[in-house]
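Architecture at a glance
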Amino acid sequence: MSGAVDLSALKQPPAAPGGAAAPAAGNHTVTEADFEAKVIRRSTQVPVVVALFSQRSAGSVELVRTLERFNAEDGGAWDLAVIEAEANMNIVQALRVQGIPTVIAVAGGQPLADFEGAQPDPQVRQWLDAVMDATAGKLEGDPGATPAEPEIEDPRFVDAEDKLSEGDFAGAEAAYEAIIAEEPGNEEAKAALRQLRFLTRAQQLDPAVVATADADPTNLDAALDAADIEMFEQRAEAAFDRIIGVIKRTAGDDRTRARTRLLELFELFDPAEPFVIAARRKLAAALY
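Residues numbered from 1 in each chain as written. Predicted model: local features only at pLDDT ≥ 70, side-chain atom pairs only at ≥ 80, totals over all residues. Heavy atoms only, no water.

Our focus in this paragraph is the packing of aromatic side chains. For the coordinates displayed, the defined rule picks out six aromatic pairs. Judged by centre distance (4.9 Å) and plane angle (75°), the ring pair of phenylalanine 240 and phenylalanine 266 falls under edge-to-face. Placement of phenylalanine 240 in helix H10 (residues 236-249) and of phenylalanine 266 in helix H11 (residues 252-266) is noted, with a sequence separation of 26 residues between them. By relative accessible area, which is 1% here, phenylalanine 240 ends up buried. With a relative accessible area of 1%, phenylalanine 266 lands in the buried category. Relative to phenylalanine 275, the ring of phenylalanine 269 lies with its centre 5.1 Å away and its plane at 85°, an arrangement referred to as edge-to-face. For phenylalanine 269, a relative accessible area of 25% puts it in the partly exposed group. The partly exposed category is assigned to phenylalanine 275, whose relative accessible area is 24%. Following the ring pairs from residue to residue traces out a cluster consisting of Phe240, Phe266, Phe269 and Phe275. The residue whose ring lies beneath arginine 69 is phenylalanine 70, and the NZ or CZ to ring-centre distance is 5.2 Å. Taking NZ or CZ as reference, arginine 125 lies 4.9 Å from the ring centre of phenylalanine 70, over its face. (Phe/Tyr/Trp six-rings, centres within 6.5 Å; stacked < 30°, edge-to-face > 60°. Helix = DSSP H or I, 4+ residues; strand = E, 2+ residues; numbered from the N terminus. Buried < 20%, exposed > 50% of the residue type's maximum accessible area, 1.4 Å probe, protein only. Lys NZ or Arg CZ within 6 Å of the ring centre and 35° of its normal.)

Encoded structure:
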């Protein structure tokens, strides 16, 4: 059954920060509202056995009790998600359930194996053991899984960040420059240095320069400083538009200086950001 069913339709929008914690091991009553958390996401840690049943079916109720007993015996090695079919038809349809009861093992966010109808306890036990054997050592929360290698922080970056947190901007800049000298291709250090240099420059400016630039559009220094203030205040599009306006009005060295500053500000962002792409188009139009 693996790969034959698309569970994306049952995913919910991302929870806001501080939302509910991941479910603990054990058995859970599951609905459409928490299917993603208790089944899809949880199955990346341990196998989740989904039991779709009906209160009107004595055989399916008995099967759920059997699974609950085995779940307790196995001590959290897998989770049991009990779903009442009539109340959760979207799940029934997404899983392509043909009859009740149906039991489906989900691992790594995908259905792995299933069976339909009430089964004798030994066969259920055998099926569960096969699921556990198939997923052993392959999921994050599996006791047999190989633990991930701990991420080792680069002490050079730690030193630079420590200096930055202490307000030693010059020391942090020197630390990033040293990394780049050792590794000219280190993009992380280059990006950090660009951010730091912008921050150092912007913090020395008087916010009143924005009014000065607005009052005198021919004042190139004021315009560039005002754009820095706007960027510092997280108004990137306003900063871009201001400098593009300068580029349209100027020529020669002034235009080159404004264009150079604009490109520096572009480099503070991911080039795929829509507002950066839009500003680059405006720049092209202003130049040509």
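Here the narrative resumes, following the displayed structure.
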